[in-house]
Amino acid sequence: MDAGLNTIWLQAAWRLAAAAGVSLLFWPISGDTAALGLFAALLLIMLLQHLRHLARLSQWLMDPRPEALPDSSGLWENVFAAFYHLLRRQRRSESRLTATLQDFRLAGMAMPDGLVIVDGSNQVEWCNPKAELHFGLDAARDVGQLITYLVRQPQFAEVLDAEGYAEPLTLRSAREGDLILSVLIVPYEANRKLIISRDVTDRERVETMRRDFVANVSHELRTPLTVIGGFLETIADMETPNPELIRRSVPMMSEQAKRMQSLVEDLLVLSRLESAGNPAREEPVNVPDIARALYHDALALSAGRHKVTLLLESAAWVSGAEEELRSAFGNLVSNAIRYTPAGGEVRLSWKADGTNGNEGAVFAVRDTGIGIAAQHVPRLTERFYRVDRGRSRETGGTGLGLAIVKHVVNRHAARLEVTSEPGRGSCFSVAFPGARVIGRSSTEEPAEARSA
Ligand code: ADP
């Protein structure tokens, strides 16, 4: 028997003894009947007291709040106190459990992956905000709905019903068109399932780019290799060397070898740009000097077929990586010459740029060449993107020039702008922000060089 029970028995025994004692005292004075009557009356009072407390207890149990506990005395004080402590303990563990549950919910809400819990019949029990986004669910509306009704992809339904869930499933989100999801279904606790979704759009895009890139490089190398291999085989098969064939094939083979060399060089430049840290090195670069040198290169490339001009309206330098800028500007100049038929014009310019009050400077190459239709312009800087594959190859293009330009421009926090009109010409300009420009003083008189 524990201490509480002992106390109750002791108190009850003490009260009964007190009532019996008082009645016994009255026995000699008022006789046995009156004494027994008194004892019965005292017992009745005790019984009524117990009944009153019992009624209060049962009333209180209807809404057992610790603060509403009825006042009590005697035996019942212990009982009520025990109830009070029991209730407090229960409240404390309840709030501990609620806090733990809340913690789990908050952790689930904060997860960077989508989480959906479904029951044995695939009805949604709970989902976090990422899952709402991935599957277009609504946590408030869709609880209790069949997940297969909400995510209507046959593959998903199949995997959900299958036994083995080990491999994640790649799904294209039906509601968020461009979203690619990796979905893993994990069974747990009897027949409930946890559906974990992860946005793998970027990973898939990079993977597609990598595959396309390898396919493009192989494709670019195949033609020159086939030409060279074909000639070499023919020569090897000849019983007596044919000097005429050799005389004709050697220049062709060397042209193809040059093509492969340019491709490999451009690929190396691209890979260096990609692996170099960002932003580009910051050293003062004399852009007017680069423009002058490129002007002379343009004259040599044109070989008198175009009118080439250079307009230097600014003496400003920029802070950046000289080799990168030289290679990017060189690509623009060589494109302008290559895509402008004989008799056309190519103009190189370096000017201050006051647009949007940014105090920057712009290097531009304008030509009166074949121009580019508007739908191609946004894709020009993609690797190997060419408007006219044949023309690009004929003129020794690798299809990587503008991809290199784009990289260099980005690394210098500059902006590449292209305006073009088919049949009338194009203008490619690289606009540097004020923060990259050093010494903004413009030359007194614009220096202009030209060649007809
Ligand atoms: P490519 O080696 O083929 O010239 P680029 O990356 O330098 O590769 O250019 C991509 C494509 O953009 C070219 O194939 C060509 O179709 C187009 N292009 C670039 N510059 C010009 C220009 N100045 N005029 C017309 N088309 C151009």
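Model, not experiment: these values are computed from the prediction. (Residues numbered from 1 in each chain as written. Predicted model: local features only at pLDDT ≥ 70, side-chain atom pairs only at ≥ 80, totals over all residues. Heavy atoms only, no water.)

Glancing now at the overall build of the chain. For the chain, the count of helices and strands is 11 helices and 14 strands. Here the C-alpha atoms of the chain give a radius of gyration of 45 Å, more than 25% beyond the 22 Å that 2.2 N^0.38 yields for 452 residues. Projected onto the principal axes, the alpha-carbon positions of the chain cover approximately 155 × 70 × 35 Å. Looking at the chain as a whole, 34% of its 452 residues are labelled buried. At a minimum sequence separation of 6, the contacts of the chain that also span at least 24 residues come to 59%. When the accessible surface of the chain is split by element, carbon and sulfur atoms take 58% of a total near 26600 Å². Separation of charge centres in the chain, based on 50 positive and 55 negative side chains, amounts to 2 Å. (Helix = DSSP H or I, 4+ residues; strand = E, 2+ residues; numbered from the N terminus. Rg over C-alpha atoms; globule rule 2.2 N^0.38 Å. Buried < 20%, exposed > 50% of the residue type's maximum accessible area, 1.4 Å probe, protein only. Contact = heavy atoms within 4.5 Å. Areas by Shrake-Rupley, 256 points an atom, 1.4 Å probe, with all protein chains shown as cover. Lys, Arg positive; Asp, Glu negative; His and termini not counted. Charge placed at Lys NZ, Arg CZ, Asp CG, Glu CD.)

Together, R88, R89, R92 and R96 make up a positively charged patch on the protein surface. Mapped onto the elements, R96 comes out in helix α2 (residues 75–110). (Patch = residues over 30% accessible without salt bridge, like charges linked within 9 Å, V, L, I, M, F, W, Y side chains within 5 Å. Salt bridge = Lys/Arg side-chain N within 4 Å of Asp/Glu carboxyl O.)

For the pair helix α8 (residues 287–302) and helix α9 (residues 322–338), the least separation of the axes is 10 Å and the interaxial angle reads 35°. Viewed along their axes, α8 and α9 form a crossing whose handedness is right-handed. Here α8 contributes V287, I290, A293, L294, A298, L301 and S302 to the contact with α9, which in turn contributes E322, R326, F329, G330, V333, S334 and I337. Class assignment of the residues belonging to the contact of α8 with α9 gives a composition of nine nonpolar, three polar and two charged. (Axes fitted to C-alpha atoms, helices over the stretch in contact; angles between N-to-C directions. Left-handed = near helix turned anticlockwise from the far one by under 90°. Nonpolar A, V, L, I, M, F, W, Y, C, P; charged D, E, K, R; others polar.)

Attention now goes to the site of the ligand. Around the ligand there are 22 residues in total, and N335, Y339, S392, G399 and L402 lie nearest to it. Within the backbone of V387, one N or O atom sits 3.0 Å away from an oxygen atom of the ligand. One nitrogen or oxygen atom from the main chain of G401 is found 3.3 Å from an oxygen atom belonging to the ligand. Protein chains shield 98% of the accessible area of the ligand, which is 530 Å² for the free molecule. Listing elements by their share of the shell around the ligand, those giving two or more residues are α9, α11 (401–411) and β12 (425–432). Its residues assigned to classes, the shell around the ligand comprises 10 nonpolar, eight polar and four charged. (Near = heavy atom within 4 Å. Polar contact = N/O pair within 3.5 Å; in protein donor to acceptor, adjacent residues only side chain to side chain.)

Here the focus is the domain arrangement of the chain. A common measure of how large an interface is: the accessible area buried when the components associate. What the domain assignment reports for the chain is domain 1 (2–105), domain 2 (111–199), domain 3 (210–274) and domain 4 (283–450). Here the C-alpha centroids of domain 1 and domain 2 sit 56 Å apart. (Domains from an automatic or database assignment.)

Here the focus is the sheet that holds strand β4 (residues 180–188). Ordered by their spatial adjacency, five strands build an open sheet running β2-β1-β5-β4-β3, and the pairing between neighbours is antiparallel. Both edges of this open sheet fall to β2 (124–127) and β3 (169–172), since each of them pairs with a single strand only. Averaged over all neighbouring strand pairs, the angle between strand axes comes to 25°, with direction disregarded. Taken strand by strand, helix α5 (residues 154–161) contacts β3, β4 and β5 (192–199), and its axis lies near 150° from that of β3. (Pairing = 2+ DSSP bridges.)

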